[in-house]
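# Observations on the three-dimensional arrangement
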Amino acid sequence: MEKTQFTSVQLSKGVMEIYDFGSVKLHAFKTNDLISDECFLVEKAGSCFMIESPCFFDNIKELEKYISDKGLKYEGAVIAYHGAGASFMKGSKVYSTKNADDYNHNGGGAGLVSKFAGAFGEAFDKSIYTTTDFIEGDSLTICGVEMKITRTQEAFDIFIPEINVVYTHMLGHDVHSIVAGAAHADALISVLESYIQKKIGLVLTSHYVVENLDDVKMKIEYLKGLKNIAVKNVDAAGFKAAVQSAYPKYSGLNYLDMSAGMFFPVK
């Protein structure tokens, strides 16, 4: 399926882009929130579950209404990198791994939630999901949909074989993303090359629109470019300026700031 083959539904604030795979439908929720989050409903046989969560109260209300209006039975959330927004469908099941749960309650995820709560105030739901069902193995099935789980340093990625779709935290073919040095760039390249080898159809992320393998290839070249630029520079400021010159139309400059600090940490 092409990334443009969706039906669009305008909600009160966000937009739902629906990909129909036949027995399974993927509802990609573009929240239009202040940090451009996306999350996803997977529907099969009248039931659905969510991958990641909206974290602003207005998006939470409109997504709850969307599920209700569709008459879908909600079976729970799979929470990986984004732990905030726990008021959504309060009392429903929450699936996560132990490393992701720790990341969201005690690690970097918790730190980001605290930062966003300070920045956005009462509009932001800072409550963190409590895991009800820990994912112990490398697979999880909800609503008759099997997911393959790949643990990462922070949380986990998801592959859904039935629709040949993968979810990972960040991609963005024309967006700067957080790259913690050359070794991390190599690790990301390895993951992205595996998508090409597996001929993945669509790539879902929390911070960008649905993408495809052409986008994956562009991101690989970007990561290789970052490594080459880093070799030619001696500090974060020079690195950042060179990256901006090489990729002038890329958004996400806040992420580039973070990458520059990781490639060239203050000693």
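Our subject in this report is the structure included herewith. Just so we're clear, the structure is a prediction, and the values are computed from it rather than from any experiment. (Residues numbered from 1 in each chain as written. Predicted model: local features only at pLDDT ≥ 70, side-chain atom pairs only at ≥ 80, totals over all residues. Heavy atoms only, no water.)

Glancing now at the overall build of the protein chain. In terms of regular secondary structure, the protein chain is built from seven helices and 13 strands. When the 267 residues of the protein chain are sorted by exposure, 49% land in the buried category. When the accessible area of the protein chain is evaluated, it comes to approximately 12300 Å², of which 53% is carbon and sulfur surface. (Helix = DSSP H or I, 4+ residues; strand = E, 2+ residues; numbered from the N terminus. Buried < 20%, exposed > 50% of the residue type's maximum accessible area, 1.4 Å probe, protein only. Areas by Shrake-Rupley, 256 points an atom, 1.4 Å probe, with all protein chains shown as cover.)

Close contact between helix H2 (residues 98-105) and helix H3 (residues 108-120) brings their axes to 4 Å; oriented N to C, the two are set at 35 degrees. Crossing of H2 against H3: the hand is right-handed. Packed against H2, whose contacting residues are Tyr 103, Asn 104 and His 105, the element H3 presents Gly 108, Gly 109, Ala 110 and Leu 112 at the interface. For the contact of H2 with H3, a count of residues per class yields three nonpolar, four polar and no charged. (Axes fitted to C-alpha atoms, helices over the stretch in contact; angles between N-to-C directions. Left-handed = near helix turned anticlockwise from the far one by under 90°. Contact = heavy atoms within 4.5 Å. Nonpolar A, V, L, I, M, F, W, Y, C, P; charged D, E, K, R; others polar.)

Further remarks concern the nonpolar core. Counting residues in each nonpolar core, the largest one holds 30 residues, and the members touching the most others are Phe 49, Val 78, Met 147, Phe 156 and Ile 158. When residues of this core are traced back to their parent elements, those giving at least two are strand S3 (24-30), strand S4 (38-44), strand S5 (47-51), strand S9 (139-142), strand S10 (145-151), strand S11 (156-160), strand S12 (165-167) and strand S13 (202-204). Beyond its immediate sequence surroundings of up to four residues, Phe 156 is in contact with Val 78, Ile 79, Ala 80, Tyr 81, Ser 96, Thr 97, Ala 100, Ile 135, Ile 149, Thr 150 and Arg 151. The next biggest cluster of nonpolar side chains, apart from the first, holds 25 residues, and it includes Ile 189, Ile 200, Ala 230 and Ala 260. (Core = buried A, V, L, I, M, F, W, Y, C linked by side-chain atoms within 4.5 Å.)

Turning next to the pattern of salt bridges. With the rule as written, the count across this model stands at 11 salt bridges. Asp 215 is the salt-bridge partner of Lys 3, the closest N and O atoms lying 2.9 Å from each other. Note that Lys 3 is positioned in the segment before strand S1 (7-10) and Asp 215 in helix H5 (residues 213-231), a separation of 212 residues in sequence. With a closest N to O distance of 2.7 Å, Lys 65 and Asp 69 form a salt bridge. In this pair, Lys 65 and Asp 69 both sit in helix H1 (residues 57-70), four residues apart, roughly one turn of the helix. Relative accessible area serves as the criterion here: at 53%, Lys 65 is assigned to the exposed category. We classify Asp 69 as exposed; its relative accessible area is 53%. (Salt bridge = Lys/Arg side-chain N within 4 Å of Asp/Glu carboxyl O.)

Turning to the sheet that holds S9, a few remarks are in order. With respect to topology, five strands assemble into an open sheet ordered S9-S10-S11-S12-S13, the strand pairing being mixed. Looking at which strands have only one partner, the edges of the open sheet turn out to be S9 and S13. The sheet shows a mean angle of 25 degrees between the axes of neighbouring strands, taken without regard to direction. With four bridges connecting them, S10 and S11 associate as antiparallel partners. The residue of S11 that forms the bridge with Thr 150 is Asp 157. (Pairing = 2+ DSSP bridges.)

Moving on to the pairing of S9. Across the two faces of S9 the burial differs, with Leu 140 and Ile 142 buried and Ser 139 and Thr 141 not buried at all. Looking at chain direction, S9 and S10 are connected through four bridges and run antiparallel. Bridge assignment links Thr 141 to a residue of S10, and that residue is Glu 146. Linking S9 back to S10 in an antiparallel pair, the connection comprises two residues, with Cys 143 at a positive phi of about 55 degrees.

Let's shift gears to the environment of Leu 63. Counting through the fold element by element, Leu 63 comes out in helix H1. On a C-alpha basis, the gap between Leu 63 and Phe 29 in space is 8.3 Å, while along the polypeptide they are 34 residues apart. Setting aside residues no more than four positions away along its own chain, Leu 63 makes contact with Met 16, Phe 29, Cys 39, Leu 41, Met 50, Pro 54 and Phe 88.

With that settled, the discussion passes to the packing of helix H6 (residues 236-246) against helix H7 (residues 253-263). One way to put it is that H6 packs onto H7 with a least axis distance of 9 Å and a crossing angle of 135 degrees. By the angle between their directions, the pair H6 and H7 is classed as oblique. Along this stretch, H6 crosses H7, giving a crossing that reads as right-handed. On the side of H6, the interface is formed by Ala 236, Phe 239, Lys 240, Val 243 and Gln 244, while H7 contributes Leu 253, Leu 256, Asp 257, Ser 259, Ala 260 and Phe 263. The residue makeup of the contact of H6 with H7, split by class, is seven nonpolar, two polar and two charged. (Parallel < 35°, antiparallel > 145°, perpendicular 65-115°, else oblique.)

Coordinates in, geometry out; function isn't part of it.
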